[in-house]
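Residue strings, one per chain:
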Amino acid sequence: MKFISTRNSTPSFSLDMALLAGLAPDGGLFVPETLPQINRADFNPAMPFAAFASQLLHPFFASSQLENALPAICERAFNFTIPLTQVDASTWELELFHGPTLSFKDVGARFLAECLSLLSNQKPITLLVATSGDTGSAVAAAFYQKPGVTAVILYPEGQISKRQAHQINCWGENILSLAVKGSFDDCQHLVKSAFADPNWKDMGLCTANSVNIGRLLPQMSYYAYTSLQFYLAHQQPAGFIIPTGNLGNATAAYWAKAMGFPIREIVLATNANQVISDYLVTGDFKPRASINTLANAMDVGKPSNFERLQYLFPSWPHFKQEANTFSVSDEAIKETIKENYKIHQRFICPHTATAYNTRKQLSSEPWINVATAHPCKFDDIIKPLLNQVPPIPLAMEKLLARPCHERVVENDLNAIKRMKMMH
Ligand SMILES: *Cc1c(COP(=O)(O)O)cnc(C)c1O
């Protein structure tokens, strides 16, 4: 399988080159040259998730150096459960938050870590990541002690929660986490400048955000697995409601649907950042500055994976036919968290609440709300609403028990390079 740029102006790449490059040379995003059509009968959703994922991903790894290692990569990356639980007569929740750092980002980050670590046998890799929360912790946990890779994680000093900072700063060894004296945008700018700087490029610079195809491919697996299980159990397909920011998770769902897995429809739930809903109404994609909301991992004004969806649905009418979007305000997020506890005794995180709120506005056909993070990561938001906090799972307790150390650095690429050299 070859991978091509959404901008179509570069030759095709092997999977291994696409994983190492992150972005295509023409500035586009890598997409698979084709999405192989599956025969449903070939897939057995009673098999363990890791084995199912390995079968699904195999065509994408054909002729990759990693092809023979794929079953072991899946086995090591997916070592936690992804349960589907029933909420009411026509609603289910897909719990993607049982990994080591309690968000769905563990799935992509752990898979990418296995792949890059194997590819680093040719040349050591420096991973540079800007984060406003969940990506940083998932990447730090996933790459910790992975041979051949050093991960440098930049976050804005004082602008992420204490718990988030702890999850990023409790590692050491090959993980260098730095609190930058600046904003999240400054952190992103530093990453972009490093990619433009030959000195950094010589360090085998690589990215782990959702522009990297190595995060999206594994995310198809849980949509494929769950949709097939649901279909066989209920003789009808379910729709998915996906809390959306950079559109990475949603792109993976659309790819699984395009391959022929029984997904009835896909609905995107956003917070007050409405760039996608506006696009569906006007046909104009107008990136803008992001608005801060309670669902902060979805505070995105310029969704990077939009280009991949546009590649899949090239015209506006086609896009509109495939996507339906609901924008959910902070007030509605709070109401939904309260209501859900009252009616179902369920704690949900503010991101997941956008899916639950959207569910109320849809048909009585079966829907699966995608739960993107564990509620205990957001106890500062939940406590004032419910007067109690969600129980802390063992994975989080283990992390909180590790000592942590914050290193502050100037908003300056040379200062970061010095820290990297001393590390
Ligand atoms: C990253 C994240 C999202 C948004 O996912 P995208 O793939 O960027 O659309 C939603 N919820 C949580 C908890 C996240 O961490």
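Residues numbered from 1 in each chain as written. Predicted model: local features only at pLDDT ≥ 70, side-chain atom pairs only at ≥ 80, totals over all residues. Heavy atoms only, no water.

Student: Which parts of the structure should I look at to understand the overall build of the chain?
Tutor: If you tally the helices and strands in the chain, you get 18 helices and 14 strands. Computed over the C-alpha atoms, the radius of gyration of the chain is 20 Å, within 12% of the 22 Å expected from 2.2 N^0.38 for a compact globule of 423 residues. Relative to its full complement of 423 residues, the chain shows a buried share of 58%. Within the chain, contacts between residues at least 6 apart in sequence are counted, and of these 74% link residues at least 24 apart. (Helix = DSSP H or I, 4+ residues; strand = E, 2+ residues; numbered from the N terminus. Rg over C-alpha atoms; globule rule 2.2 N^0.38 Å. Buried < 20%, exposed > 50% of the residue type's maximum accessible area, 1.4 Å probe, protein only. Contact = heavy atoms within 4.5 Å.)

Student: Would you mind showing me how to read the sheet that holds strand β4 (residues 84-88) here?
Tutor: Hydrogen bonds between backbone atoms are what pair the strands of a sheet, whose relative direction is either parallel or antiparallel. Reading across from one edge, β4-β5-β13-β10-β11-β12 is the order of the six strands in this open sheet, with mixed pairing throughout. A single partner strand is all that each edge strand has here, and the edge strands are β4 and β12 (323-327). Neighbouring strand axes in the sheet, compared pairwise and without regard to direction, differ in orientation by 30° on average. Pairing analysis gives four bridges linking β4 to strand β5 (residues 91-95), with the strands arranged antiparallel. Within β5, the residue paired with L84 across the bridge is L94. Along the sheet face, helix α9 (residues 213-234) touches β4, β5, β10 (238-243), β11 (263-270) and β13 (367-371) and points at about 145° away from the line of β10. (Pairing = 2+ DSSP bridges. Axes fitted to C-alpha atoms, helices over the stretch in contact; angles between N-to-C directions.)

Student: Just checking my understanding: could you explain the site of the ligand for this structure?
Tutor: In the region of the ligand, 15 residues are neighbours, and K105, D134, G245, N246 and T372 sit closest. Within the complex, 97% of the 390 Å² of free accessible area of the ligand lies under protein. Here the residues of the shell around the ligand sort into six nonpolar, seven polar and two charged. (Near = heavy atom within 4 Å. Areas by Shrake-Rupley, 256 points an atom, 1.4 Å probe, with all protein chains shown as cover. Nonpolar A, V, L, I, M, F, W, Y, C, P; charged D, E, K, R; others polar.)

Student: Please explain the layout of surface pockets as it appears in this structure.
Tutor: Any space left empty among the atoms is revealed by the rolling of a water-sized probe across them. When its volume is computed, the second largest pocket comes out at roughly 210 Å³. Surrounding the second largest pocket, N79, F80, H98, G99, P100, R110, A395, K398 and L399 form its lining. Residues belonging to the lining of the second largest pocket are distributed by class as follows: four nonpolar, three polar and two charged. (1 Å grid on protein atoms, 1.4 Å probe; cavity = no way out; pocket = protein on both sides within 12 Å on 5 of 7 lines; lining within 4 Å. Points joined across faces, edges and corners; volume = space filled by probe spheres on them.)

Student: How should I be thinking about the packing of aromatic side chains in this particular structure?
Tutor: We describe a pair of aromatic rings using the distance from one ring centre to the other and the angle between the two ring planes. Tallied over the entire structure, the rule returns 21 aromatic pairs. When the ring of Y254 is compared with that of F313, the centres are 5.2 Å apart and the planes differ by 80°; the resulting orientation is edge-to-face. Placement of Y254 in helix α10 (residues 248-258) and of F313 in the loop between α12 (306-312) and α13 (316-322) is noted, with a sequence separation of 59 residues between them. One exposure class covers both Y254 and F313, and it is buried. When the centroid spacing of 6.4 Å and the interplanar angle of 85° are considered together, the rings of Y279 and F285 count as edge-to-face. Classification of F285 as partly exposed rests on a relative accessible area of 26%. Aromatic ring contacts, followed pair by pair, group F43, F49, F52, F61, F78, F111, Y225 and F261 into a single cluster. Sitting above the plane of the Y231 ring, R40 keeps its charged end 5.2 Å from the centroid. (Phe/Tyr/Trp six-rings, centres within 6.5 Å; stacked < 30°, edge-to-face > 60°. Lys NZ or Arg CZ within 6 Å of the ring centre and 35° of its normal.)

Student: Would you mind going over the sheet that holds strand β7 (residues 149-156) with me for this structure?
Tutor: Strand order in the open sheet formed by five strands is β9-β6-β7-β8-β14, and the pairing between neighbours is parallel. For this open sheet the edge positions go to β9 (205-206) and β14 (408-409), each flanked by a neighbour on one side alone. Inspection of the sheet shows strand β8 (residues 175-180) paired to β14 by two bridges, in the parallel sense. Pairing of V180 across the sheet is with V409, part of β14.

Student: Which parts of the structure should I look at to understand the nonpolar core?
Tutor: For soluble globular proteins, the rule of thumb is that nonpolar side chains tend to be buried together. By size, the foremost hydrophobic cluster in this structure holds 101 residues, and its most contacted members are F60, F111, L127, F143, M220, Y223 and F261. Here M220 is in contact with L56, L57, F60, A252, W255, A256 and M259, once residues within four sequence places are set aside. Within the second largest apolar cluster, 19 residues are counted, among which are V152, V191, V409 and M419. (Core = buried A, V, L, I, M, F, W, Y, C linked by side-chain atoms within 4.5 Å.)

Student: Would you mind going over helix α6 (residues 162-169) with me for this structure?
Tutor: Residues lying three or four places apart along an α-helix face the same way, a consequence of the helix completing one turn every 3.6 residues. Here α6 lies mainly inside the structure; six of its eight residues are buried. When we look at burial in α6, the residues that qualify are Q164, A165, H166, Q167, I168 and N169. In this structure, the buried residues of α6 make contact with α5 (134-143), β7, β8 and α17 (394-400).

Student: What am I meant to see in empty space enclosed by the protein here?
Tutor: Applying the stated criterion to the full structure yields two cavities of 30 Å³ or more. Counted as a void, the largest cavity has a volume near 70 Å³. Along its surface, the largest cavity is lined by T244, G245, L247, T270, N271, N273, V275, I276, M298, V300 and P303. When the residues that make up the lining of the largest cavity are grouped by side-chain class, the tally is six nonpolar, five polar and no charged. Within this model, the second largest cavity holds a volume of roughly 30 Å³. Along the walls of the second largest cavity sit A272, N273, Q274, V275, R288, A289, I291, V300 and G301, which together make up its complete lining. Grouping the constituent residues of the lining of the second largest cavity by class yields five nonpolar, three polar and one charged.

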